[in-house]
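Structural characterization, general
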Amino acid sequence: MALDRPRRAAPLAALVTLLAATAVGVPARAAPVTEVLVGTPHHNLAIYGATFGSTAAGDYAYAVARGTTGELSVVDTRTAEVIRTMPLPGAGGSWGGTVMPDGTAYIGADSKLFRYRPGADQVEDLGSPAPGETATWRLANDGRRVFVGTFPNGKIYSVDHRSGAVRDYGQVWPGEQYVRSLGVANGKVYAGLGTVARIVEVDVESGDRREIPLPEQYRAEQFVYDLDVHQQTLFARLTNSNRLLVHDLRTGEWVADLGTSPGLNVSPPDAKKNVYFGSTGGRLMAYNLNNRTVTPTGFTGFGTARGFGWTHLDADGWPGRTLVTISLGGMLSYFNPQTGAHKVVSSGVQGLPAQLQTVVAGPDGKIWSSAYPSGGITSYDPATGTFTENPTALGQAEGLHSYRGLIYAGVYPGANLFELDPARPVVRGSNPRQFGSLSSAHQDRPFAITGLGDRIAFGTIPEYGQLGGALAIADPDTGAQQVHRDVVPDQSVTALATVGELVLGGSGVWGGLGAVPTQTEAKLFLWDPATSTKVWEGVPVPGAKAITRLIVGADGHVWGATAGTLFEFDPVDRKVLTTVEVEPFDWNVDHVWRSDHLAFAPNGDLCGNFRTTVACVDPATLAVKRLATGIDDVWTMDTTGTMYYARGGQLYQLTR
């Protein structure tokens with residue numbers, strides 16, 4: 001459903017003074033620019049992590065709605081009412097939490113750990129107990145300590161609930177960057193790892209560890225995405241297959257394959273030792289821990305479980321304990337094991353502004369955008385100052401490209417390819433329409449897009465744990481596609497432009513998260529679609545590890561950008577003519593998939609965002625005019641030369 005929102009304009013335009021500078025010593029004439037806060041294009045309710053617990057006062061869900069600043073809502077699961085909502089300072093969202101026996105909830109959010117004590121008016125910010133870790137995933141506890149899994153160093157750390165003491169167990173397994181899931185039982189922590197799926201048992205006291213090998217046919221999976229332990233039985237859901245496997249910790253054997261499941265959890269057991277999980281067919285299933293039988297319940301239309309808990313409903317047909325879970329969209333699902341009664345109700349958790357992921361000036365004069373990680377497609381009409389939100393019409397668009405009156409999108413995960421006609425109403429499933437996917441080629445993130453006659457070329461980042469992106473050329477009308485992987489060996493394709501009958505591509509040394517680069521410098525390459533061959537390759541900027549944008553000028557020369565550095569390339573002589581550093585950058589980072597965006601202004605200046613700086617460069621003199629700073633790597637320019645860019649979830653407009 002499209003949602004029209006008025007522009008939330010800033011009451012006062014910010015007058016920004018140009019700071020003129022140039023890498024070649026040519027002074028740039030200062031001139032004022034006007035920056036205006038346009039508003040917030042995307043609002044979404046996305047609960048990626050929740051946990052459940054009880055106190056003497058009642059039963060509660062602790063659900064985190066993702067936003068530019070995430071919010072923790074405490075939901076009374078007996079009444080389905082939100083009783084308190086609190087911001088999580090410095091964190092956007094959560095993948096999970098855990099509740100101690102006394103009812104205290106711990107929430108992992110981005111790099112941080114938060115604590116909520118029952119009845120409190122605010123959360124406690126415990127900071128980032130594991131320095132250098134940028135993401136926390138799932139949490140578990142043994143009644144005394146909270147255990148947390150991290151990225152990018154694949155660590156486990158614990159926090160003592162009574163003393164606050166932190167213990168860093170270090171990287172769980174050499175080379176594994178993700179501790180994606182956790183379970184605790186009998187003095188052991190069970191860690192589900194990626195990007196090569198494996199399970200490792202860690203002794204809580206000694207720190208000793210051993211691997212629990214997966215069945216041989218599943219050892220090529222990417223993640224042990226979910227992991228639960230109940231009564232000496234371990235449940236592991238693997239991706240990309242989504243198979244849910246059962247392991248007996250007493251015998252050391254894999255004892256069941258429960259088929260595919262959307263996750264994320266297997267419930268704690270009921271009085272008859274049944275645990276519950278969702279099937280990909282949308283039915284709630286029961287698995288008995290004693291006799292290992294699987295029984296379908298009568299609850300159909302069941303979705304993804306973002307944590308399970310038990311609650312008590314004071315109503316006929318709901319005796320004893322009732323199972324409860326919450327969905328990504330904030331719906332509470334209830335199931336009573338004794339009567340089979342089930343229902344789905346809203347939790348009342350509210351949506352939040354979402355972080356901008358991509359923005360493009362459309363052929364219709366509107367500004368189109370998608371959000372992270374919830375996706376959606378929103379248009380902003382400068383003529384009326386209104387947003388039209390379509391929060392479910394598209395996934396997370398990594399790339400948006402305007403071409404021949406249409407907009408093309410590359411969507412994560414699975415590198416799905418879409419075409420949007422901005423002249424027609426946005427309708428989920430038909431406009432935008434999907435015309436291809438690169439998932440079978442193990443590609444995930446299509447950032448780079450260019451038009452090639454009647455076809456569209458996409459450059460991609462591969463799946464988690466893999467090197468080797470692809471150049472894909474697809475026909476939107478027929479769906480036919482040619483996929484060329486490893487055009488630059490072990491590198492991703494991060495930038496594209498069309499030069500006559502050829503495709504000019506730029507690469508980046510990084511692959512999917514969890515993959516260790518083997519190359520050290522980004523390459524330019526020329527590709528001939530007629531013969532499906534690479535006809536040239538070279539290094540444009542020595543030492544640069546990613547080329548993130550390419551654009552063709554009126555003279556046929558191509559301008560490219562790395563992370564803050566601009567270069568001019570002659571595709572005929574195949575030489576770099578000029579290099580200008582707009583913003584310095586240290587390549588000692590974990591990855592760069594994109595950074596800079598470029599467009600030619602009506603006066604001929606080459607403008608863009610150079611990492612966090614908005615600037616324009618005179619192609620003749622190379623004078624650099626810096627216009628604004630402190631922005632995200634989300635930028636576009638319309639045909640009038642007006643620029644649009646993001647800070648978090650807010651869209652700004654800049655006019656020279």
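Located above this text is the structure these notes cover.
For the structure given in this document, a descriptive report is provided here. (Residues numbered from 1 in each chain as written. Predicted model: local features only at pLDDT ≥ 70, side-chain atom pairs only at ≥ 80, totals over all residues. Heavy atoms only, no water.)

1. Quick notes on the overall build of the chain
Quick note on the threshold: A helix here means a DSSP run of H or I that spans at least four residues, while a strand means a run of E at least two residues long, and both kinds are numbered starting from the N terminus. As a reference, a globule follows 2.2 Å times the number of residues to the power 0.38, and the radius of gyration itself is taken over C-alpha atoms. We call two residues in contact when some of their heavy atoms are within 4.5 Å. Surface accessibility follows the Shrake-Rupley procedure with a 1.4 Å probe radius. Residue values consider only the protein chains on display as shielding. Neither His nor the chain ends contribute to the count of charged residues, in which Lys and Arg are positive and Asp and Glu negative. Lysine's charge is taken at NZ, arginine's at CZ, aspartate's at CG and glutamate's at CD.
Each helix and strand counted, the chain has 0 helices and 60 strands in total. Whereas a compact globule of 656 residues would reach a radius of gyration of roughly 26 Å, the chain reaches 26 Å, a difference of no more than 12%. In terms of overall dimensions, the chain has a C-alpha envelope of 75 × 55 × 50 Å along the principal axes. Across the chain, the fraction of contacts at a sequence separation of at least 24, relative to all contacts at a separation of at least 6, is 47%. Of the accessible surface of the chain, which amounts to about 24,700 Å², a share of 49% is contributed by carbon and sulfur atoms. Distance between charge centres in the chain, computed from 52 positive and 62 negative side chains, equals 4 Å.

2. Some words on the pattern of salt bridges
The test is simple: In the sections that follow, a salt bridge refers to a side-chain nitrogen of Lys or Arg positioned within 4 Å of a carboxyl oxygen of Asp or Glu.
Applying the stated criterion across every chain, the model contains 28 salt bridges. It is possible to trace a salt-bridge network through shared partners that takes in R115, R117 and E124.

3. Considering the pairing of strand β38 (residues 396–403)
Successive residues of a regular strand alternate their side chains across the two faces of the sheet. Note the following rule: Categorising residues by exposure relies on relative accessible area from a 1.4 Å probe, with only protein chains included: less than 20% of the type maximum marks a residue as buried, more than 50% marks it as exposed, and the intermediate range marks it as partly exposed. DSSP bridges decide pairing: two strands pair if at least two such bridges lie between them.
For β38, the tally of buried residues reaches 6 of 8 residues, placing the bulk of the element in the interior. Here β38 runs beside strand β39 (residues 406–412); their pairing, made up of 7 bridges, is antiparallel. Bridge pairing in β39 places Q396 opposite Y412. Taking the residues between adjacent antiparallel strands as the criterion, β38 and β39 are bridged by 2 residues, where R404 takes a positive phi near 55°.

4. Quick look at the state of the cysteines
The line we're drawing: Cysteine sulfurs are considered disulfide-paired once they come within 2.5 Å of each other.
Summed over the entire model, instances satisfying the criterion amount to 1 disulfide. A sulfur-sulfur separation of 2.0 Å characterises the disulfide bridge that pairs C607 with C616. One quick way to see it: the torsion about the S-S bond of C607 and C616 is about 105°, and its sign makes the bridge right-handed. Looking at C607, the relative accessible area reads 0%, which means it is buried.

5. Quick look at the side chain of D596
In plain terms, the rule: Polar contact is the term for a pair of N or O atoms within 3.5 Å; when the atoms are in protein, one must be able to donate a hydrogen and the other to accept it, and sequence-neighboring residues count only if both atoms are side-chain atoms.
Secondary-structure assignment places D596 in the loop between β53 (575–581) and β54 (597–600). For the buried D596, which has no salt bridge, the nearest side chain bearing the opposite charge is R611, at an N-O separation of 6.3 Å. A polar contact is formed between the side chain of D596 and the backbone nitrogen of G564, at a distance of 2.9 Å. Of the polar contacts made by the side chain of D596, one reaches the side chain of S595; its length is 3.1 Å.

6. Examining the pairing of strand β11 (residues 105–109)
Among the 5 residues of β11, 5 are classified as buried, and the element is accordingly described as predominantly covered. Residue alternation in β11 divides its side chains into two sets, A105, I107 and A109 and Y106 and G108, and both sets are buried. In this structure, strand β10 (residues 94–99) lies alongside β11, joined through 5 bridges in antiparallel fashion. Among the inter-strand pairings, V99 is bridged to a residue of β11, identified as A105.

7. Details of unusual backbone geometry
Trans is the common state for peptide bonds, and a negative phi is the common state for residues other than glycine. A cis amide bond links F151 to the next residue, P152, at an omega of 15°. As for its position among the elements, P152 is in the loop between β15 (145–151) and β16 (155–160). Here the bond from N431 into P432 is cis, since omega is 10°, no more than 30 degrees from zero. Positioned with a positive phi, A80 is a non-glycine residue whose angle comes to about 55°. Position of A80 relative to the elements: it lies in the loop between β8 (71–76) and β9 (81–87).

8. Focus on the sheet that holds strand β12 (residues 112–116)
Pairing within the open sheet is antiparallel, and its 4 strands lie in the order β10-β11-β12-β13. Every other strand in the sheet has two partners, leaving β10 and β13 (124–125) as the edge strands with one partner each. Sheet topology note: the β11/β12 ladder contains 5 bridges and is antiparallel. What sits directly across from Y106, in β12, is R115.

9. A word on the sheet that holds strand β30 (residues 322–326)
Applied cut-off: What counts as an axis is a line fitted to C-alpha atoms, over the stretch in contact for a helix, and the angles between N-to-C directions run from 0 to 180 degrees.
Within the open sheet, the 4 strands sit side by side as β29-β30-β31-β32. Their pairing is antiparallel. In this open sheet, the two strands that pair with only one neighbour each are β29 (308–311) and β32 (342–346). Between one strand and the next, the sheet's axes are offset by a mean angle of 25°, whatever the strand orientation. In this sheet, strand β31 (residues 331–335) lies alongside β30 in antiparallel orientation, the contact comprising 4 bridges. Considered in β31, the bridge of L323 is made with F335.

10. Overview of the side chain of T233
Inspection of the secondary structure puts T233 in strand β23 (residues 233–239). Apart from residues no more than four positions distant in its own chain, T233 is found in contact with D228, V246, H247 and L289.

11. Concerning the nonpolar core
As a rule of thumb, nonpolar side chains are buried together in soluble globular proteins. Our working rule: Here the nonpolar core consists of buried residues drawn from Ala, Val, Leu, Ile, Met, Phe, Trp, Tyr and Cys, with membership extended through side-chain atoms lying within 4.5 Å.
Within the largest apolar cluster, 34 residues are counted, with the highest numbers of intra-cluster contacts made by L504 and L550. Those elements giving two or more residues to this core turn out to be β14 (135–141), β22 (223–230), β46 (492–499), β47 (502–508), β48 (524–528) and β52 (565–570). When sequence neighbours within four positions are dropped, the list of residues in contact with L504 reads A495, L496, A497, V499, L524, F525, L526, L550, V558 and F569.

12. Examining the packing of aromatic side chains
Stated precisely, the cut-off is as follows: Only Phe, Tyr and Trp rings are paired, with Trp represented by its six-membered ring, and only when their centres lie within 6.5 Å; those with planes under 30 degrees apart are stacked, over 60 edge-to-face, the remainder tilted.
Evaluated as defined, the whole model comprises 25 aromatic pairs. An aromatic cluster of three or more residues is present, and its members are Y48, W95, W137, F151, Y178, F223, Y225 and Y464.

13. Things to note about the environment of P517
Relative to the helices and strands, P517 is located in the loop between β47 and β48. Sequence spacing of P517 and A197 is 320 residues, and the spatial spacing of their C-alpha atoms is 19 Å. When near neighbours in sequence (up to four residues on either side) are disregarded, P517 contacts L467, V509 and W510.

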